[in-house]
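Residues per chain, in single letters:
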Amino acid sequence: MRIDIITVLPEMIEGTINTSILKRAQDKGLVTFELHNLRDYTLDKHKRVDDYPYGGEAGMVLQIEPIDRAIAYLKSQRDYDEVIFTTPDGEQFAQSTANELSLLNNIIILCGHYKGVDYRVREHLITREISIGDFVLTGGELAAAIIADAIVRLIPGAIGDEQSALSDSFQDNLLAPPVYTRPADYKGWTVPEVLLSGHERKIHEWRLEQAEKRTKDLRPDLSRKM
Ligand code: ADE
């Protein structure tokens, strides 16, 4: 899979993609990331990529020209399955979105910034608009990093034990059950007996029961989706 990210602040994303599991996935050849600084695509001699909004509102707006040039350049190199724009008024990102996107070959993520982007970008160049939640960030970079992280860990081989991505919270609209590790008794705080029993079926049943109980208690909205 290849993920191209277009941004005015590549340094905000660099750390995330070059650390831990995302870095390992790149080293293993499972994913290729390319960060593109939008300023490299402007014809403006001062490298400006934003301008005042028509109609005179506060804030600056990213211009269509460098964005169009960046996307056109990438599309001239290969086909893209989606051109995603990160914005608080997009569809709400969820595990199901990550699952879907992890099956694609090539995607572009354009990070929103400042007051927004010239709306013609969204009308003509973007195929999918994604929000990571009902709150406003300073820009779409952190959202792009979160989306990339959630996608890449689903690519087979990206995390050690493939089973563990399948048993994540949300994969069945269920929160994950509690996990414990040694010591079995810490200051008298003990691990549930069943987990020490070695009885696989009972352990499996206990985990499912716990997942259902936690979902019902903590996320009744997810329980209703089942
Ligand atoms: N840009 C600013 N806020 C955002 C959000 N909540 N989701 C995606 N992109 C954003």
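An account of the accompanying structure is given in this report. Being a predicted model, the structure only gives us computed values, none of them experimental.

Our next topic: the nonpolar core. One broad rule of soluble globular proteins: the nonpolar side chains tend to lie buried together. In terms of nonpolar packing, the biggest core is built from 30 residues, with Ile3, Ile5, Phe33, Phe93, Ile109 and Ile147 touching the most fellow members. With eight residues, the single largest contributor to this core is helix α6 (residues 141–152). Ranked by size, the runner-up nonpolar core spans 19 residues in total, among them Val49, Ile67, Ala70 and Val121.

Our focus in this paragraph is the pattern of salt bridges. All chains considered together, the criterion is met by 14 salt bridges. The shortest N-O distance in the salt bridge between Arg128 and Glu91 comes to 2.7 Å. Here the residue Arg128 occupies a position in strand β8 (residues 128–131), and Glu91 occupies one in strand β5 (residues 82–92), the gap between them amounting to 37 residues. Among the residues examined, Arg128 registers a relative accessible area of 12% and is labelled buried. For Glu91, a relative accessible area of 34% corresponds to the partly exposed category. One continuous salt-bridge network, built from bridges that share partners, spans Glu82, Glu91, Glu100 and Arg128.

Let's shift gears to the side chain of Glu82. Position of Glu82 among the secondary structure elements: in strand β5. With sequence-adjacent residues up to four places away left out, Glu82 is seen in contact with Leu101, Leu104, Asn106, Ile107, Ile108, Thr127 and Arg128.

As a further point, take the site of the ligand. By nearness alone, 13 residues border the ligand, and Thr87, Ile132, Gly133, Phe135 and Leu137 come closest of all. In the model, a nitrogen atom of the ligand is placed 3.0 Å from a nitrogen or oxygen of the Ile132 main chain. Taking Leu137, its main chain carries an N or O atom lying 3.0 Å from a nitrogen atom of the ligand. Here the ligand loses 97% of its free accessible area of 260 Å² to cover by the protein chains.

Let us look at the packing of helix α4 (residues 95–102) against α6. Remark: α4 packs on α6, axes separated minimally by 8 Å, with the N-to-C direction vectors making an angle of 70°. The pairing of α4 with α6 is recorded here as roughly perpendicular in orientation. Every pair of crossing elements has a handedness; the one defined by α4 and α6 is right-handed. Here Ala98, Leu101 and Ser102 of α4 lie close against α6, whose contacting residues are Ile147, Ala150 and Ile151. Taken together, the residues that form the contact of α4 with α6 break down as five nonpolar, one polar and no charged.

A few words on the sheet that holds strand β7 (residues 116–117). A sheet is described by the order of its strands in space; here three strands give the open sequence β3-β4-β7, paired in mixed fashion. Bordering the open sheet on either side are β3 (50–51) and β7, each of which pairs with just one other strand. Of the strand pairs in this sheet, strand β4 (residues 61–62) and β7 are connected by two bridges, and their pairing is parallel. The partner of Val61 across the bridge, within β7, is Gly116.

Basis of the calculations
Residues numbered from 1 in each chain as written. Predicted model: local features only at pLDDT ≥ 70, side-chain atom pairs only at ≥ 80, totals over all residues. Heavy atoms only, no water. Core = buried A, V, L, I, M, F, W, Y, C linked by side-chain atoms within 4.5 Å. Buried < 20%, exposed > 50% of the residue type's maximum accessible area, 1.4 Å probe, protein only. Helix = DSSP H or I, 4+ residues; strand = E, 2+ residues; numbered from the N terminus. Salt bridge = Lys/Arg side-chain N within 4 Å of Asp/Glu carboxyl O. Contact = heavy atoms within 4.5 Å. Near = heavy atom within 4 Å. Polar contact = N/O pair within 3.5 Å; in protein donor to acceptor, adjacent residues only side chain to side chain. Areas by Shrake-Rupley, 256 points an atom, 1.4 Å probe, with all protein chains shown as cover. Axes fitted to C-alpha atoms, helices over the stretch in contact; angles between N-to-C directions. Parallel < 35°, antiparallel > 145°, perpendicular 65-115°, else oblique. Left-handed = near helix turned anticlockwise from the far one by under 90°. Nonpolar A, V, L, I, M, F, W, Y, C, P; charged D, E, K, R; others polar. Pairing = 2+ DSSP bridges.

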